[in-house]
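Take a look at the letters that make up each chain.
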Amino acid sequence: MTRWTTAPQRMVLVVAILASFAAFLDGSAVNVALPAISAELGGGLSSQQWVVDAYLLSLGAFILLAGSLSDVFGRKRVLMTGLIGFGLTSVACAIAPTVETLILVRGLKGVFGALLVPSSLALILDAFSADKQGRAIGSWTAFTSIATIAGPALGGVLVDSLSWRWVFGVNVLPIALAVALAYRLEEDPPRSPAARVDVVGALLGVAGLGLPVFVLIEQSRFGWDSPVIVAALAIGVVSFVGFVLWELRTSQPMLPMGIFRARNFTVGNVATFFIYGGLSLGTFALAVFLQQSAGYSATMAGLAMIPSSLVLISLSAYIGRLSGRVGARVFMAVGPMIAGGGFALMLAITDEAEYLTQVLPAMLLFGLGMAITVAPLTATILGAVDPTHSGIASATNNAVSRIAGLIAVALAASLGGSATIDLDSFHRLVASSAVAMIVGGAISAVGIRDAKRRTGFQPGSKSGATDRAIPHQLAHRPGR
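Participant: Sorry if this is basic, but what is going on with the overall build of the chain here?
Facilitator: A count of helices and strands for the chain gives 19 helices and 0 strands. Taken across its 480 residues, the chain has 55% of its residues classed as buried. Summarising the internal contacts of the chain: among those between residues at least 6 apart in sequence, 83% fall at separations of at least 24.

Right under this line is the structure:
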């Protein structure tokens, strides 16, 4: 890293990795702690679901607003607010005396979590020139992927050896380190006096994203014909339509609709929907099947994911650098198809789920596909828009990936044909995941355009990616 980054750039990258690592770790490690939480604090299945869903609901509802705040108030300021709030709510979760308190604090924690990832990626885009952004995002991807994939293993170890409370308390260390290092970052540039928060857009956006997410979470408990579900869905849809219409007419929108004229931004987000929907469904199905049907412990089920994270660590930075040289399209097309092949290989898994001969080969192939995919996908989407909109662009992509995951998991019972994940339903789910991955790769192959370097391009110039439009171009012409 020292040969291609300066000291300030390394500091930015470390802070961004630590902040995002904590957010991803919290979301991935808590599942294995749910039985222990229920045993100590009480509450049935509904309470367990809401320990997870309260975080996802507030995170999904506020992530677009968080990206807008990063663009208006500055990356460092918003990131510091998110870090401090996330750390304090982590401690509050670890000492929660009742399950109701835990659920409430988890919801608040999701709000602060929404501030972390968009600001982290925007910091990277601000700090690195166009020709190095792919490699920087590849490094970010490698380390933050550990939290997503290995989080269940760490959570299982903490629950089995210490207490479920440590699943939340362990976040305090990376957060504290990130806060200490973030203080040393350069100050944000002065805020433009004309810049303001789009309050109407923020309220409509929170309702338009939050209420449909609530419906996806709760429809299995209330039923689609419940007045609660019908009302929430109706208000959510109306709010979302109102949000789009408002953003089209207001002078300073929270989500500038012009960014969707950039072809790579729009196509990349459509591909993201299928890729991360397949990812969420497949990893969910595997984790549950290994424990409920194959007899793996929570710790062993989590450890089963480790090989894929090792592949990500080994290859993501290299793939990010390589895609910056030759173009991202081929990686965004081939990577999801290879990852889909990993899920397809899981069709050979039997009831015993023999690890070395059945699970491990599939995980290695899946990990290779994701290593090829993630860094080029992220760099292409964020590089397609003007740097002043990088915060909201990152937030949009994160919202797409998280909502795709929620929809996919919500459809698990329907796609699997069973309320439990036995071998037959597991095979149906991983086959669906493979199809979604392949569709995502096909969309990238057809729709993504590699930016051509123009004559006179100077390495180090942040305008080197030709698919990135300047503000007035976004308003008047589509991106390529």
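There is more to say, and it comes next.
Participant: Got a minute to help me understand helix H4 (residues 75-94) in this structure?
Facilitator: An α-helix turns once every 3.6 residues. As a result, residues three or four positions apart point the same way. With 20 residues, H4 extends 28 Å from end C-alpha to end C-alpha; this agrees with the ideal 28 Å at 1.5 Å per step. Most of H4 sits inside the fold, with 14 of its 20 residues counted as buried.

Participant: It is not clear to me how the pattern of salt bridges should be interpreted in this structure. Could you clarify?
Facilitator: Note on pairing: side chains with opposite charge can pair once their charged atoms come close. Scanning the model with the defined rule gives 1 salt bridge in all. For glutamate 40, the salt bridge goes to arginine 165, with nearest N and O atoms at 2.8 Å. Residue glutamate 40 is found in helix H2 (residues 34-41), and its partner arginine 165 is found in helix H7 (residues 165-169); the two are separated by 125 residues along the sequence.

Participant: Honestly, the nonpolar core in this entry has me stumped. Any pointers?
Facilitator: Side chains of a nonpolar character, in soluble globular proteins, are inclined to be buried together. Core analysis: the largest hydrophobic core is formed by 122 residues, its most contacted members being Leu83 and Leu290. When residues of this core are assigned to their parent elements, the largest contribution, 13 residues, is made by helix H1 (residues 7-29). Among all residues touching leucine 83, those that are not within four sequence positions of it are Ala19, Leu116, Ile175, Ala178, Val179 and Ala182. Ranked by size, the runner-up nonpolar core spans 10 residues in total, among them Trp50, Ile229, Ala232 and Leu406.

Participant: Looking at this model, I keep getting lost on the side chain of lysine 76. Mind explaining?
Facilitator: Mapped onto the fold, lysine 76 is located in helix H4. You can call lysine 76 buried: its relative accessible area is 7%. Within the local environment of lysine 76, its side chain forms a polar contact with the backbone oxygen of tyrosine 183, the two atoms lying 3.3 Å apart.

Participant: I would appreciate a short explanation of unusual backbone geometry in the present structure.
Facilitator: Among all residues except glycine, the phi angle is most often negative; among peptide bonds, the trans geometry is most common. In the Ramachandran plot, alanine 353 falls in the positive-phi region, its phi being about 50 degrees despite a non-glycine side chain. Relative to the elements of secondary structure, alanine 353 occurs in the loop between helix H14 (329-345) and helix H15 (355-383). Residue classification places alanine 353 among the buried residues on the basis of a relative accessible area of 1%.

Participant: Help me understand H2, please; the structure alone is not making it clear to me.
Facilitator: Taken together, the buried positions of H2 are Leu34, Ile37, Ser38 and Leu41. Axial view of H2: buried residues confined to an arc of 95 degrees, hence all on one face. Exposed and facing more than 90 degrees away from the buried side of H2 are Pro35 and Ala39. Looking one or two residues past H2, glycine 42 carries a phi angle of roughly 85 degrees, positive in sign.

Participant: Sorry if this is basic, but what is going on with the packing of aromatic side chains here?
Facilitator: Summed over the entire model, instances satisfying the criterion amount to 6 aromatic pairs. Pairing tryptophan 164 with phenylalanine 168 gives two aromatic rings, centres 6.1 Å apart and planes at 85 degrees, and the pair type is edge-to-face. Tryptophan 164 gets classed as buried once you look at its relative accessible area, which sits at 2%. For phenylalanine 168, a relative accessible area of 0% gives the class buried. Ring geometry for phenylalanine 260 against phenylalanine 265: centres 5.3 Å apart, planes inclined by 65 degrees, an arrangement best described as edge-to-face. What makes phenylalanine 265 buried here is its relative accessible area of 0%.

Participant: Can you help me understand the environment of serine 432 in this one?
Facilitator: With respect to the element layout, serine 432 can be found in helix H18 (residues 423-447). Judged by its relative accessible area of 24%, serine 432 is partly exposed. At 2.9 Å, the side chain of serine 432 and the backbone oxygen of arginine 428 are in polar contact.

Participant: Teacher, can you tell me more about the packing of H4 against helix H8 (residues 172-182) here?
Facilitator: Two numbers describe a pair of packed helices, the interaxial angle and the distance between the axes. Closest axis-to-axis distance for the H4/H8 pair is 9 Å, and the angle between their directions is 155 degrees. Taken together, H4 and H8 sit at an angle that is classed as roughly antiparallel. In the crossing of H4 with H8, the sense of the turn from one axis to the other is left-handed. Facing H4, whose interface residues are Lys76, Met80, Leu83, Ile84, Phe86, Gly87, Ser90 and Val91, H8 presents Val172, Ile175, Ala178, Val179 and Ala182. For the contact of H4 with H8, the residue count by class is 10 nonpolar, 2 polar and 1 charged.

Analysis parameters
Residues numbered from 1 in each chain as written. Predicted model: local features only at pLDDT ≥ 70, side-chain atom pairs only at ≥ 80, totals over all residues. Heavy atoms only, no water. Helix = DSSP H or I, 4+ residues; strand = E, 2+ residues; numbered from the N terminus. Buried < 20%, exposed > 50% of the residue type's maximum accessible area, 1.4 Å probe, protein only. Contact = heavy atoms within 4.5 Å. Expected span 1.5 Å × (residues − 1). Salt bridge = Lys/Arg side-chain N within 4 Å of Asp/Glu carboxyl O. Core = buried A, V, L, I, M, F, W, Y, C linked by side-chain atoms within 4.5 Å. Polar contact = N/O pair within 3.5 Å; in protein donor to acceptor, adjacent residues only side chain to side chain. Arc of directions from axis to C-beta. Phe/Tyr/Trp six-rings, centres within 6.5 Å; stacked < 30°, edge-to-face > 60°. Axes fitted to C-alpha atoms, helices over the stretch in contact; angles between N-to-C directions. Parallel < 35°, antiparallel > 145°, perpendicular 65-115°, else oblique. Left-handed = near helix turned anticlockwise from the far one by under 90°. Nonpolar A, V, L, I, M, F, W, Y, C, P; charged D, E, K, R; others polar.

This is a description of form; function is not addressed.
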